[in-house]
Amino acid sequence: LLIAGVIPGILSAVIMCVGILTLAYLGIGFDKSQAVVESEVMSDNENQQTKGGFAGVIKLVILFAIVIGGIYSGIFTATEAAAIGASAALVMLVLQALSDRVKIIPILFSALRDSASVTSMVLRSWLVQAFFHSLLSQPAFQVSLQFGC
């Protein structure tokens, strides 16, 4: 049952990547006043960014192993895996904030804001899909599609 979601998941990921690349290419959602010149970033913080990027990948792999490994091994169900994954991500966030000696509250608010943003995007796409599904299921629309009227 779980394997049936792999192809739609990969397809969704590809479609989201194309959408993100299109928005980035068009500059939608990009604040040019906060842009940093590439030479400034690479000259000062190149080593730090590489280390931070690699640590982010490691955390993602650990989180993936916990969730998917727990589901496939039968330790917990998909719903429990979602809760455990969210808890593990929260623990990783708190540990990183403590190791960097930064305040945790602004980081948590930022994470919650990003979470709400993603949730609203998913709900909006669901509403658009529901609208088109209801439009296509109208008998008058189906007749016009069949007979070209």
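Residue positions are counted from 1 within each chain, in the order its sequence is given. Restriction of local features to residues with pLDDT of at least 70 applies here, the model being predicted, together with a cutoff of 80 or more for giving and counting side-chain atom pairs; totals for whole chains, interfaces and linings are based on all residues. As a rule here, side-chain values come from all non-hydrogen atoms in the structure, and water together with hydrogens is ignored.

**Q** Looking at this model, I keep getting lost on the overall build of the protein chain. Mind explaining?
**A** Only DSSP runs of H or I with at least four residues qualify as helices, and only runs of E with at least two residues qualify as strands; both kinds are numbered from the N terminus onward. Each helix and strand in the protein chain was counted, giving five helices and zero strands. Element order for the protein chain, N to C, with α for helix and β for strand: α-α-α-α-α. Relative accessibility thresholds used throughout: buried, under 20% of the residue-type maximum; exposed, over 50%; partly exposed, between the two (1.4 Å probe, protein chains only). Looking at the 149 residues of the protein chain, the share that counts as buried comes to 6%. The long-range fraction of contacts in the protein chain, counting pairs at least 24 apart against all pairs at least 6 apart in sequence, stands at 29%. Accessible areas in this description were obtained via Shrake-Rupley with a 1.4 Å probe; residue shielding takes into account the shown protein chains only. Element-wise, carbon and sulfur atoms account for 72% of the exposed surface of the protein chain, whose accessible area totals about 12,400 Å². Note on contacts: a residue pair qualifies if any of its non-hydrogen atoms lie within 4.5 Å across the two residues.

**Q** Got a minute to help me understand helix H3 (residues 78–100) in this structure?
**A** An α-helical turn contains 3.6 residues, so a residue and the one three or four places further along point in the same direction. The terminal C-alpha atoms of H3 lie 33 Å apart, and with 23 residues this matches the ideal 33 Å at 1.5 Å per residue to within 8%. Within the span of H3, buried status applies to Ala81, Gly85, Ala88, Met92 and Ala97. Between the first and last residue of a helix there are one fewer steps than residues, each counted as 1.5 Å, and that sum is the expected span.

**Q** Honestly, the packing of H3 against helix H4 (residues 104–136) in this entry has me stumped. Any pointers?
**A** Every axis in this analysis is a line fitted to C-alpha atoms, fitted for helices over the stretch in contact. Angles between the N-to-C directions lie between 0 and 180 degrees. Interhelical geometry of H3 versus H4 gives an angle of 145° and a closest axis separation of 10 Å. Along this stretch, H3 crosses H4, giving a crossing that reads as right-handed. Mapping the contact onto sequence places Leu90, Leu93, Val94 and Ala97 in H3 and Ile104, Ile107 and Leu108 in H4. Charged means Asp, Glu, Lys or Arg here, nonpolar means Ala, Val, Leu, Ile, Met, Phe, Trp, Tyr, Cys or Pro, and polar covers whatever is left, Gly included. Its residues placed into classes, the contact of H3 with H4 shows seven nonpolar, no polar and no charged. By definition, any crossing whose near helix is turned counterclockwise from its far helix by less than a right angle is left-handed, and any crossing with a clockwise turn is right-handed.

**Q** Mind showing me how you'd approach unusual backbone geometry here?
**A** The phi angle of most residues is negative, glycine excepted, and most peptide bonds adopt the trans form. Backbone geometry places Arg101, a non-glycine residue, at a positive phi of 60°. With respect to the helices and strands, Arg101 occurs in the loop between H3 and H4. Look at Arg101 and you get exposed, because its relative accessible area is 77%.

**Q** Looking at this structure, I do not really get the confidence of the model for the protein chain. What am I missing?
**A** One rule of thumb: low pLDDT means the predicted coordinates there are not for detailed reading. Along the chain, pLDDT gives the predictor's confidence residue by residue, from 0 to 100. Chain-level statistics for the protein chain give a pLDDT mean of 81 and a share of 74% at 70 or above. For the protein chain, the element scoring lowest by mean pLDDT is helix H5 (residues 139–147), at 60; H3 scores highest, at 91.

**Q** Help me understand a nonpolar patch on the surface, please; the structure alone is not making it clear to me.
**A** Like charges are joined within 9 Å and nonpolar side chains (Val, Leu, Ile, Met, Phe, Trp, Tyr) within 5 Å, but only among residues with over 30% relative accessible area and no salt bridge; these make up the patches. Every case where a carboxyl oxygen of Asp or Glu lies within 4 Å of a side-chain nitrogen of Lys or Arg is listed as a salt bridge. On the surface, Ile3, Val6, Ile7, Ile10, Val14, Val18 and Tyr72 cluster together into a nonpolar patch covering about 700 Å² of accessible area. Looking at the nonpolar patch, the element that brings in the most residues is helix H1 (residues 6–26), giving five residues. Tracing the sequence through the fold places Ile10 in helix H1.

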